[in-house]
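Examining the three-dimensional arrangement
Take a look at the letters that make up each chain.
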Amino acid sequence: MLRGFYTAASGMIAQQRQQEAFSNNISNANTPGYKADQTTLHAFPEMLMNRIGGKGNQISVKSSMQFPIHQSIGALNTGVYVQETIPNFRQGDIRETGSTTDLALVNGELPNQSANLFFTVQNEAGEVRYTRNGNFTVDGQGYLVTNQGYYVLDQEGQPIQTNGMEFTVTANGMLRTPEQTAALNIAYTPDANNMVKEGNNLFAGEVDEMPADVTFSIKQGFLERSNVDSLQSMTQMMESYRMFETNQRVLKAYDESMGKAVSEIGRLV
């Protein structure tokens, strides 16, 4: 009986975690460069149930030991859990904004579907992080930064000084001002699934040297939109909620059965 409690409870916890992922996706449906989270459910190991004390054949080992072969009842599922949450790195739609500081990173030829490209930025702790959100701005000191104030880095790992809003960015990532030219540091990873998602639309992880056959383009005055499908996420959220309710009803039924076992069966004894 208690196994049923644990199975239903694990289903409720798994659906709750899915709900959290879907809610986060919907809330970031308008965040530029946001990559939707995907959850994967995994079942706990099944248990093979045998009838205890049933009549069965005997098997002898070395003619000195006898082991009973109990009649098999079947498998018992012991619940599910959210194994991991993985971002979907599919390219989002490109939207024109007309703003000089908005940059869209458009993937070209990549070696495989898992490979991806990122802008390189520096967070408040001075650590290098990666993002697909090109909704940049210029701070009071004339540096190109994210909306959170993180420096956008060049290929030398240094913040990019623009000295104002008057600059151009070429398709190959060269930022030009009247005073200087800097190359945006476009990071490459052969497997984006190894990147760790952090807050503020940032990713942490190891990147590799850009292969010669990888191509991309930078579009100034454009933004990559979030790849969240709002309608699909809403549908998935409703399905997950229904599954949560189903497990809740099962848990309630087990609780009522346990109550009867304690009060009625105990009274008969």
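Only a predicted model underlies this, so the values are computations on that prediction, with no experimental measurement involved. (Residues numbered from 1 in each chain as written. Predicted model: local features only at pLDDT ≥ 70, side-chain atom pairs only at ≥ 80, totals over all residues. Heavy atoms only, no water.)

**Things to note about the environment of tyrosine 188**
For tyrosine 188, the position within the fold is in strand β17 (residues 186-189). Look at tyrosine 188 and you get buried, because its relative accessible area is 4%. Along the primary structure tyrosine 188 and alanine 115 are separated by 73 residues, whereas in three dimensions their C-alpha atoms are 7.4 Å apart. When near neighbours in sequence (up to four residues on either side) are disregarded, tyrosine 188 contacts Pro111, Ala115, Asn116, Leu117, Val207, Asp208, Glu209, Met210, Pro211 and Val214. (Helix = DSSP H or I, 4+ residues; strand = E, 2+ residues; numbered from the N terminus. Buried < 20%, exposed > 50% of the residue type's maximum accessible area, 1.4 Å probe, protein only. Contact = heavy atoms within 4.5 Å.)

**Re the sheet that holds strand β16 (residues 181-183)**
Read from one edge to the other, the open sheet built from three strands follows the order β14-β15-β16, with strand pairing classed as antiparallel. Sheet topology places β14 (168-169) and β16 at the edges, where each strand pairs with a single neighbour. Where β14 meets strand β15 (residues 174-176), two bridges bridge the pair, whose relative direction is antiparallel. Within β15, the residue paired with threonine 168 across the bridge is arginine 176. (Pairing = 2+ DSSP bridges.)

**Regarding the confidence of the model for the protein chain**
Of all residues in the protein chain, 86% have pLDDT values of 70 or greater, and the mean over the chain is 86. Counted against residues more than four places away or in other chains, residues 56-64, with its pLDDT under 50, gives 14 contacts. (pLDDT = per-residue confidence, 0-100.)

**Some points on the packing of aromatic side chains**
For the structure on display, the rule yields five aromatic pairs. Look at phenylalanine 89 and phenylalanine 203: their rings are 5.3 Å apart centre to centre, the planes differ by 45 degrees, and that puts the pair in the tilted class. Within this pair, whereas phenylalanine 89 is found in the loop between β6 (80-87) and β7 (94-96), its partner phenylalanine 203 is found in strand β19 (residues 203-204), the two being separated by 114 residues in sequence. Here phenylalanine 89 matches phenylalanine 203 in class, with each residue buried. Over the aromatic face of phenylalanine 222 sits the side chain of lysine 219, whose NZ or CZ is 4.3 Å from the ring centroid. (Phe/Tyr/Trp six-rings, centres within 6.5 Å; stacked < 30°, edge-to-face > 60°. Lys NZ or Arg CZ within 6 Å of the ring centre and 35° of its normal.)

**Some details on unusual backbone geometry**
The backbone phi angle of asparagine 163 is positive, close to 55 degrees, even though this residue is not glycine. By secondary structure assignment, the location of asparagine 163 is in the loop between β13 (151-152) and β14. Assessed through its relative accessible area of 49%, asparagine 163 is described here as partly exposed. Not every positive phi belongs to a glycine, and asparagine 201 is a case in point at roughly 65 degrees. By the secondary structure assignment, asparagine 201 is in the loop between β18 (196-197) and β19.

**What to know about the nonpolar core**
Grouped together as the largest cluster of nonpolar side chains are 22 residues, with contacts concentrated most on Phe119, Leu144 and Leu184. Every element with two or more residues in this core is listed here: β8 (103-107), β9 (116-122) and β17. Sort the elements by how many residues they give to this core and β9 lands first, with three residues. Once you skip the residues sitting within four places of it in the chain, leucine 144 turns out to touch Phe136, Thr137, Val138, Tyr150, Tyr151, Val152, Ile160, Thr162, Phe167 and Leu175. Phe118, Ala192, Met195 and Phe203 belong to the second largest nonpolar core, which has seven residues in total. (Core = buried A, V, L, I, M, F, W, Y, C linked by side-chain atoms within 4.5 Å.)

**Description of the pairing of strand β10 (residues 128-131)**
Of the pairings in the sheet, the one linking β9 to β10 comprises four bridges and is antiparallel in character. For valine 121, the partnering residue across the bridge sits in β10 and is arginine 129. Linkage of β9 to β10, two consecutive antiparallel strands, is achieved through a turn of five residues, within which glycine 126 is found at a positive phi near 80 degrees.

**Here's the deal with empty space enclosed by the protein**
Leftover empty space is mapped by rolling, across the atoms, a probe with the size of a water molecule. Per the stated rule, a full pass over the model turns up one cavity of 30 Å³ or more. By volume, the largest cavity is sized at about 70 Å³. What lines the largest cavity is simply Thr131, Asn133, Asn135, Thr146, Asn147, Gln148, Asn200, Asn201 and Leu202. Along the lines of polarity and charge, the residues of the lining of the largest cavity split into one nonpolar, eight polar and no charged. (1 Å grid on protein atoms, 1.4 Å probe; cavity = no way out; pocket = protein on both sides within 12 Å on 5 of 7 lines; lining within 4 Å. Points joined across faces, edges and corners; volume = space filled by probe spheres on them. Nonpolar A, V, L, I, M, F, W, Y, C, P; charged D, E, K, R; others polar.)

**Quick notes on the pattern of salt bridges**
Pairs can form between side chains of opposite charge whenever their charged atoms are close. A complete count under the given rule lists six salt bridges for this structure. With its nearest N and O atoms 3.0 Å apart, the salt bridge here joins glutamate 127 to arginine 129. A relative accessible area of 38% places glutamate 127 in the partly exposed class. Of the charged contacts in the structure, one is a salt bridge between arginine 129 and glutamate 198, with a shortest N-O distance of 2.9 Å. Taken as a pair, arginine 129 in strand β10 and glutamate 198 in the loop between β18 and β19 lie far apart in primary sequence, 69 residues in all. One salt-bridge network, in which partners are shared between bridges, spans Lys35, Arg132 and Glu224. (Salt bridge = Lys/Arg side-chain N within 4 Å of Asp/Glu carboxyl O.)

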